Amino acid sequence: MVLYPHFDINGQGHLTVGGLDTVKLAAEFGTPVNILDENYIRSQIRLYKACAAQYFGADALPLFASKALCCAEIYRIAADEGMGIDCVSPGELYIAGRVGFPAQRIYFHGNNKTDADLAMALDMGVGTFVVDNHEELSSLGELANARGMRARILLRITPGIDPHTHKAISTGGIDSKFGSAIGTGQAEQIVVSALNTPGIDLQGLHCHIGSQIFDAQPFVDAAEIMVAFMADMIRKHRAPLTELNLGGGLGVRYTEEQSTLDIDGTMKTIAAKVRELCRANEIEMPRVILEPGRSLVAAAGVTLYTVGSVKEIPGFKNYVSVDGGMADNPRYALYQSPYTALIANKADRPADFCATVAGRCCESGDLLGEGMLLQCPERGDILAMLVTGAYQHSMASNYNKLPRPPLVMIKDGEARVVVRRETYEDLMAYDVTDPVFSTR
Ligand code: LLP
């Protein structure tokens, strides 16, 4: 086993995922390629659902934060497993709608939804809007009213928590661009406005403190602040708040050195605290919604690249360049996110070559990792990056006009393409210039 039970090394010394040989997968589907283990995703979904029901109650609903991985197939799996989803853009809503995801189970997020986005969501029958600000509140109220509807909403609240994660993915602080802070009095103001806005049906509150968090304490702290605020708003303003969405953010292990945040234990701890706080504040236990993204899909993924050049700069460092990079995975360039990499066709050999793994973009920051220990890399080898199922496919770009890699889903020993590789022709699909102008 390498990091997770579904990553292993077979008798030929090749890395396997879900029992399939990654060297064969690379040969069959080409590189770069993102492989996802469907059984792992489904087992994580079931774990979240079971824990939510056991600790928070039968009406608790985990939503898949689809920003972590958005494609038709993942919505099909989420629908099949009876999950809800969190969508954060009209594009995500559109795809969910196209595959027939039950609209009632969609929560629509975003700190700057346009009127067109709100209208689209209302017309689709989206179940719940997580309203970020006053402008959105009044636009949504007007649009819902004009349709003879009342929009079911939660208000996004910033509890003022520092979850000790990378600052780019920390969102619960008072100075966050998201939501309204309790500490400044703005959260209370927006609750009062929501109660007085026609077309708005205020049902509860939402917070999300950040991502890749390894400790249960910040979640407990956030729950404590949110329940106290909820009780306060119920008492002071008779706000009919019955739903509490605690967001996502549970950390995932990308390297041997990182710890694992036990989902069951964390849920149990948070739920016990929420119950205790509700009792202490004399309010009913709310319906609890959770929004995991990364912890459902990250460890399902492995990305396979082909090694091109191996450049040793004596006294400095060794570059191993692969046929992908920051265009298909910008996470190292953006957050210096650590990963585990290995040479898939030599996975049983000693990992004693210290490498800076570089991509093929024309940019020195185009790295996938530094100080990575690899098994004697040579041109033509397959380099596997593990735990790439979250925020990789969804954050990929066409920088340097590189076609985006496909998504291949594996399940019970079978592999199928669920998002095909982009072609060069795809790269021209939006150009309106006549492609033959230069030959005239
Ligand atoms: N709910 C809300 C409102 C969120 O903003 C997020 C993530 C989630 C749920 C899911 O959080 P998760 O369980 O995945 O940690 N691109 C960054 C991560 C950005 C997270 C944004 N919000 C990365 O690659 O690490």
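Since the structure is predicted, the reported quantities are computational estimates derived from the model, not experimental observations.

## Considerations on the overall build of the protein chain
1) Next: Broken down by element type, the protein chain carries 12 helices and 21 strands.
2) Next: Rg of the C-alpha trace for the protein chain: 23 Å, near the compact-globule value of 22 Å for 440 residues, within the 12% margin.
3) Next: In terms of principal-axis extent, the alpha carbons of the protein chain reach across some 70 × 60 × 45 Å.
4) Next: With 440 residues in all, the protein chain has 56% of them scored as buried.
5) Next: Excluding contacts between residues fewer than 6 apart, the proportion of contacts in the protein chain whose partners are at least 24 apart in sequence is 70%.
6) Next: Entry remark: accessible area of the protein chain is about 18,600 Å², with carbon and sulfur atoms responsible for 51%.
7) Next: Computing the positive centroid from 39 side-chain charges and the negative centroid from 52, the protein chain places the two 2 Å apart.

## Describing the nonpolar core
1) Next: Core analysis: the largest hydrophobic core is formed by 129 residues, its most contacted members being L15, F129, I153, L155, L205, L383 and V387.
2) Next: Tallying contributions element by element places helix 8 (residues 217-237) first for this core, with 10 residues.
3) Next: Each of domain 1 (7-37 + 298-428) and domain 2 (109-292) gives at least three residues to this core.
4) Next: In terms of nonpolar packing, the next biggest core, distinct from the first, is built from six residues, L61, L63, Y107 and V130 among them.

## Description of the pattern of salt bridges
1) Next: This structure, assessed with the given rule, holds 20 salt bridges.
2) Next: Among the ionic pairs, K113 bridges to E136, the shortest N-O distance being 2.7 Å. Here the residue K113 occupies a position in the loop between strand 7 (106-108) and helix 5 (115-124), and E136 occupies one in helix 6 (residues 134-146), the gap between them amounting to 23 residues. Assigned by exposure class, K113 and E136 land together as buried.
3) Next: Within this structure, E38, R42, R46, E73, R76, D80, E81 and R416 form a network of salt bridges that share partners.

## What to know about the site of the ligand
1) Next: Among the 19 residues in the neighbourhood of the ligand, the closest are listed as S211, E291, R294, R331 and Y391.
2) Next: The separation between an oxygen atom of the ligand and a polar main-chain atom of G249 is 2.9 Å.
3) Next: Expressed as a share of its isolated accessible area of 590 Å², the protein-covered part of the ligand is 91%.
4) Next: Residue composition of the shell around the ligand, grouped by class: six nonpolar, seven polar and six charged.
5) Next: A domain split of the shell around the ligand shows at least three residues from each of domain 1 (7-37 + 298-428) and domain 2 (109-292).

## Considering the environment of A390
1) Next: Along the polypeptide, A390 turns up in the loop between strand 19 (382-386) and strand 20 (407-411).
2) Next: Spatially, the C-alpha atoms of A390 and G293 are 7.3 Å apart, while their sequence positions differ by 97 residues.
3) Next: Residues within four places of A390 in sequence aside, it is in contact with A68, R294, V297, A298 and R331.

## Details of the sheet that holds strand 1 (residues 7-9)
Either a parallel or an antiparallel arrangement is found when strands of a sheet pair, and the pairing is made through backbone hydrogen bonds.
1) Next: The strand order across the open sheet formed by three strands is 1-2-3, and the pairing between neighbours is antiparallel. The sheet is open, and its two edges are formed by strand 1 and strand 3 (20-21), each paired on a single side.
2) Next: Here strand 1 pairs with strand 2 (residues 15-17) via three bridges, running antiparallel. Bridged to F7 within strand 2 is V17.

## Some words on unusual backbone geometry
1) Next: A cis geometry characterises the amide bond from T31 onward to P32, with omega recorded as -10°.
2) Next: Topologically, P32 is positioned in the loop between helix 1 (22-29) and strand 4 (33-37).
3) Next: Residues other than glycine seldom take positive phi values, yet Q336 does so here, at roughly 50°.
4) Next: Along the chain, Q336 falls in the loop between helix 11 (331-335) and strand 16 (341-343).
5) Next: Residue classification places Q336 among the partly exposed residues on the basis of a relative accessible area of 46%.
6) Next: One non-glycine residue, D412, adopts positive backbone phi at about 45°.
7) Next: Following the sequence through the fold, D412 ends up in the loop between strand 20 and strand 21 (414-419).

## Examining the domain arrangement of the protein chain
A common way to express how large an interface is: the accessible area buried when the components associate.
1) Next: The domains assigned to the protein chain are domain 1 (7-37 + 298-428) and domain 2 (109-292).
2) Next: Put simply, the middle of domain 1 and the middle of domain 2, counted by C-alpha atoms, are 36 Å apart.
3) Next: Taken together, the contact between domain 1 and domain 2 spans nine residues of the former and nine residues of the latter.
4) Next: Contact between domain 1 and domain 2 buries roughly 740 Å² in total, counting both sides, with carbon and sulfur atoms accounting for 61%.
5) Next: On inspection of domain 1 and its partner domain 2, the count reaches zero salt bridges.
6) Next: Summed over the shared surface of domain 1 and domain 2, the result is one residue pair in polar contact (both at pLDDT 80 or more).
7) Next: Here the side of domain 1 that touches domain 2 is composed, by residue class, of six nonpolar, two polar and one charged.

## Details of the side chain of E243
1) Next: Here E243 shows up in strand 12 (residues 243-245).
2) Next: E243 sits in the buried class, given a relative accessible area of 0%.
3) Next: Of note is the side chain of E243, whose polar atom sits 2.7 Å from the side chain of Y107.
4) Next: Here the side chain of E243 touches R152 through a polar contact of 2.5 Å, side chain to side chain.

Scoring rules and cut-offs
- One numbering rule holds for all chains: residues counted from 1, following each sequence as written.
- Note on the predicted model: pLDDT of at least 70 is required for a residue's local features to be given, and 80 or more for side-chain atom pairs to be given and counted; whole-chain, interface and lining totals, by contrast, use all residues.
- Note: side-chain values were computed over all heavy atoms of the structure, leaving out hydrogens and water.
- Helical segments are the DSSP runs of H or I of at least four residues, strand segments are the runs of E of at least two, and each set is numbered from the N terminus.
- Based on C-alpha atoms, the radius of gyration is set beside the globule rule, defined as 2.2 Å times the residue count to the power 0.38.
- Throughout this description, buried means an accessible area under 20% of the type-specific maximum (1.4 Å probe, protein chains only), exposed means over 50%, and partly exposed covers the range between.
- Note on definitions: a residue-residue contact is assigned when non-hydrogen atoms from the two residues lie within 4.5 Å.
- To measure how exposed things are, a 1.4 Å probe is used in the Shrake-Rupley method; for residues, cover is taken only from the protein chains shown.
- Positive charge is attributed to Lys and Arg, negative charge to Asp and Glu, and no charge count is given to His or to the chain ends.
- A charged residue contributes its charge at one atom only: NZ of Lys, CZ of Arg, CG of Asp or CD of Glu.
- Here, the term nonpolar core denotes a set of buried Ala, Val, Leu, Ile, Met, Phe, Trp, Tyr and Cys residues that are joined through side-chain atoms within 4.5 Å.
- For every domain, the bounds stem from an assignment made automatically or drawn from a database.
- Note on definitions: salt bridges are taken to be side-chain nitrogens of Lys or Arg within 4 Å of carboxyl oxygens of Asp or Glu.
- One heavy atom within 4 Å of a molecule or strand is enough for the residue carrying it to be called near that molecule or strand.
- Distance and chemistry together define a polar contact, namely a pair of N or O atoms within 3.5 Å, with one atom able to donate a hydrogen and the other to accept it when in protein, and with adjacent residues in sequence counting only for side-chain atoms on both sides.
- Residues are grouped as follows: nonpolar covers Ala, Val, Leu, Ile, Met, Phe, Trp, Tyr, Cys and Pro; charged covers Asp, Glu, Lys and Arg; every other residue, Gly included, is treated as polar.
- When DSSP finds at least two bridges between two strands, those strands are taken to pair.
- Once two parts are put together, the accessible area they lose, assessed with a 1.4 Å probe and summed over both, is termed the buried area.

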